[in-house]
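Topology and contacts: notes
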Amino acid sequence: MASYDCDFFVIGGGSGGVRAARMAAGFGARVMVAEERYLGGTCVNVGCIPKKLFVYASRYREEREVAQGYGWTMAEPHFDWPTLVRNKDQEILRLNGVYERLLLNAGCAVLAARATLLDPHTLEVDGRRISAEHILVATGGWPLVPEFPGREFVLTSNEMFHLDALPQRMVVVGGGYIAVEFAGILRGLGCAVTQIYRGPLFLRGFDSEVREFLAAQMRHKGVDLRFDTGVTRIDKTADGLTLTLHDGATLTADGVLYATGRVPMTSALGLEQCGVALDAAGAIRVDAHYRTNVPSIYALGDVTNRVNLTPVALAEGMSLVRRLFGARDQPVDYDYIPTAIFSQPPVGTVGCSEAVARAQFGEIEVYTSTFTPLRYTVSPLKEQAFMKLIVATQTQRVVGLHLCGEDAGEITQGFAVAMRAGATKEIFDTTIGIHPSSAEEFVTMREPTRR
Ligand code: NDP
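Summarised in this report is the structure supplied together with it. (Residues numbered from 1 in each chain as written. Predicted model: local features only at pLDDT ≥ 70, side-chain atom pairs only at ≥ 80, totals over all residues. Heavy atoms only, no water.)

A look at the packing of helix α1 (residues 15-26) against helix α9 (residues 310-325)
Short version of the rule: Lines fitted to the C-alpha atoms define the axes, with helices restricted to the stretch that makes contact. Angles between their N-to-C directions range from 0 to 180 degrees. Numbering of helices and strands starts at the N terminus; helices are DSSP runs of H or I of at least 4 residues and strands are runs of E of at least 2. The cut-offs work like this: below 35 degrees is roughly parallel, past 145 is roughly antiparallel, 65 to 115 is roughly perpendicular, and the gaps in between are oblique. In this scheme the handedness of a crossing depends on how the near helix is turned from the far one: anticlockwise by less than a right angle means left-handed, clockwise means right-handed. Note on contacts: a residue pair qualifies if any of its non-hydrogen atoms lie within 4.5 Å across the two residues.
Packing of α1 against α9 leaves a shortest axis separation of 8 Å and a crossing angle of 30°. The pairing of α1 with α9 is recorded here as roughly parallel in orientation. Crossing hand, α1 versus α9: right-handed. Counting all contacts with α1, which are made through S15, G16, R19, A20, M23 and A24, the residues of α9 involved are T310, A313, L314, G317, M318, V321, R322 and F325.

Considering the packing of aromatic side chains
Where two aromatic rings form a pair, the distance of their centres and the angle of their planes describe that pair. Our working rule: Here the aromatic set is Phe, Tyr and Trp, taking the six-membered ring for Trp, and pairing holds for ring centres within 6.5 Å; pairs whose planes are under 30 degrees apart are stacked, those over 60 apart are edge-to-face, and all others are tilted. Each residue is placed in one exposure class: buried if its accessible area under a 1.4 Å probe, protein chains only, is under 20% of its type's maximum, exposed if it is over 50%, and partly exposed if it falls in between. Charge-over-ring placement is defined geometrically: NZ (Lys) or CZ (Arg) within 6 Å of the ring centre, and within 35 degrees of the ring normal.
One pass over the structure, following the stated rule, counts 11 aromatic pairs. On the numbers, 5.6 Å between centres and 75° between planes, the contact of Y177 with F206 is edge-to-face. Remark: F206 occurs in the loop between β9 (192-196) and α7 (208-220) and Y177 occurs in helix α6 (residues 177-188); sequence separation between them is 29 residues. What makes F206 buried here is its relative accessible area of 16%. Centre to centre, the rings of F415 and F442 are 5.0 Å apart; their planes meet at 70°, and the pair counts as edge-to-face. Placement of the pair is F415 in helix α11 (residues 408-420) and F442 in the segment after α12 (425-429), with a sequence separation of 27 residues. Owing to a relative accessible area of 16%, F415 belongs among the buried residues under this scheme. Residue class for F442 comes out buried when judged on its relative accessible area of 0%. The ring of Y367 carries the charged tip of K425 above its face, separated from the ring centre by 4.2 Å.

Regarding helix α3 (residues 48-69)
Counted only if it meets this: Helix span is expected to be 1.5 Å times the residue number reduced by one.
Here α3 is 22 residues long and its end C-alpha atoms lie 32 Å apart, about the 32 Å a rise of 1.5 Å per residue gives. Considered for burial, the residues of α3 that qualify are P50, K51, F54, V55, A57, S58, E62, R64, V66 and A67. Against α2 (41-46), α4 (81-106), α5 (157-160) and α6 lie the buried residues of α3. Immediately beyond the C-terminal end of α3, within one or two residues, lies G71, with a positive phi of roughly 95°.

Observations concerning the sheet that holds strand β19 (residues 364-371)
Basically, it comes down to this: Two strands form a pair only when DSSP identifies at least two bridges running between them.
Sheet architecture is open: five strands sit in the order β17-β18-β21-β20-β19, paired in antiparallel fashion. The open sheet is flanked by β17 (339-341) and β19, the only strands paired with a single partner. The average angle at which neighbouring strand axes cross in this sheet is 10°, direction not considered. Contacting β19, β20 (385-392) and β21 (398-404), helix α10 (residues 354-361) crosses the sheet at an angle of about 165° to β19. α11 rests against β17, β18 (347-351) and β21 of the sheet, and its axis sits at about 175° to β21.

Considering unusual backbone geometry
Cis geometry is adopted by the peptide bond preceding P345, which originates at Q344 and carries an omega value of -5°. Secondary-structure assignment places P345 in the loop between β17 and β18. Put simply, H435 and P436 share a cis peptide bond, and its omega is -10°. Considering the arrangement of structural elements, one finds P436 in the segment after α12. Unusually for a residue other than glycine, Y290 sits at a positive phi of about 65°. Summarising the element assignment, Y290 is placed in the loop between α8 (271-274) and β16 (297-299). Judged by relative accessible area, Y290 falls into the buried class, the value being 1%.

With respect to the packing of α1 against α4
Note the cut-off: For this scheme, ten residues count as nonpolar: Ala, Val, Leu, Ile, Met, Phe, Trp, Tyr, Cys and Pro. Four count as charged, namely Asp, Glu, Lys and Arg, and the remainder, Gly too, count as polar.
Direction vectors running N to C along α1 and α4 enclose 25°, while the axes themselves pass 8 Å from each other. With respect to α4, the element α1 is oriented roughly parallel. Considering only the axes of α1 and α4, their crossing is left-handed. The residues of α4 that touch α1, namely those facing V18, A21, R22 and A25, are Y99, L102, L103 and A106. Of the residues assigned to the contact of α1 with α4, the class counts are seven nonpolar, no polar and one charged.

Examining the site of the ligand
Stated precisely, the cut-off is as follows: Any residue with a heavy atom lying within 4 Å of a molecule or strand is counted as near it. Polar contacts, as used here, are pairs of N or O atoms within 3.5 Å; protein pairs need one atom able to donate a hydrogen and one able to accept it. Residues neighboring in sequence count only if both atoms are side-chain atoms. Using a 1.4 Å probe, the Shrake-Rupley method yields the accessible areas, and only the shown protein chains count as cover for residues.
Surrounding the ligand, one finds 19 residues, the nearest of these being Y197, R198, R204, N308 and A340. Within the side chain of E181, an N or O atom sits 3.0 Å from a nitrogen atom of the ligand. Taking A259, its main chain carries an N or O atom lying 3.5 Å from an oxygen atom of the ligand. When isolated, the ligand has an accessible area of 910 Å², and the protein chains bury 75% of it. With three residues, α6 is the single largest residue contributor to the shell around the ligand. For the shell around the ligand, the residue count by class is eight nonpolar, six polar and five charged.

Some points on the sheet that holds strand β13 (residues 250-253)
Judged by pairing direction, the sheet is antiparallel, and its three strands sit side by side in the order β11-β12-β13 without closing on themselves. Taken across any chain shown, the strands that pair with only one partner, and hence form the sheet edges, are β11 (231-237) and β13. Geometrically, the sheet is characterised by an average inter-axis angle of 25° between neighbouring strands, direction not taken into account.

Next comes the structure, spelled out in structure tokens:
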């Protein structure tokens, strides 16, 4: 039997890589992890965590307005961006340390360097050759900005977390999670925000009614949403940045955020040299067991560009490691993955959109409800919530649950358990509500809006 320097070498210390490494070490494997940038990956450093902190920060302006209805008067507010960035950085630094300790305490060797593949069992790290029986590529993704004149002036989500000052007039380009979330954050922090999306309605793939509802709520909060258009060029002018749109109209801004998708980080890793196959989008091709076409090399998480969510990468890492070192084969179940967009208001979704449900199940029943949550009844600031259930008529199983309103992420997580367990509409109907709450609406929708 060949002897290797380690049993499991992980390239990339993000969500998936760290979880896989720690767990493999827990099974007794000799594990090494190489991370050239920051431990914790996108999620911890320039993604989920700092984004959610920014979402919290952005809510206080409206909270103050709501508070007036409850009898509070507060002095004129002042927001200090450097304080937010500094406090956020401190927390991220703490998390970087937590990740490092988790790895070290599990017995992993952590290399703060870039690792490149030399052959299917050998890597080069800092000029040193290391051999490994199994190699996991978990290098994640990176923001993609399309080519166009003036692209050098734009920011991506990576830079948004480290700006010295907050630009007051912001344009956000894109219509996915990141664009929608940042549009809400920036508006909440007091910026004038225009969001530009190339299609007729943003958040393609999500339920259409939810997308329409969110668009209306965002407009109500003052975000200038412009659909069916795009940026032709950007020029630097005395007044900031001038964007020329497809129809020739111009916009002036202090900052332009491009959130037009992310690409898998596969370059200069030695993948070609080892013959690891990529798909047309540049993602590493893997089978159901995260195996690439090279038997000793595996990949998971965003670098495989499938379901690009932190909890999915964690689940994939655990599944792989259980199979390799734990003698247990438990594939990840990709059905009914709940997800939340931390927009304002946030969106929670699990299961099928109405369009997908109709195509997949034929006959469906759709239950919808739009209402003013109790909190906003005595508030001068008005906000509405929208909820939707989709039921497959034949089986009566609830196959889609969608919500746009406060606490959407928190609410959806719990319902996702019920939906994965196959809950029928009757189970929903016979579940006692928690009153008064917004979530109770999901168990009190009696009459279908349409069939
Ligand atoms: P998405 O892929 O979600 O969205 C990209 C957006 O940019 C789409 O609206 C797309 O339009 C548009 N776009 C793509 N190319 C161009 C172009 N050349 N010109 C103009 N517009 C373009 O990417 P994000 O960057 O928003 O997020 C990446 C992933 O990260 C998400 O898919 C998600 O998996 C994950 N994520 C999850 C979050 C969460 O769980 N809350 C938060 C943030 C990110 P079109 O739809 O027409 O293709």
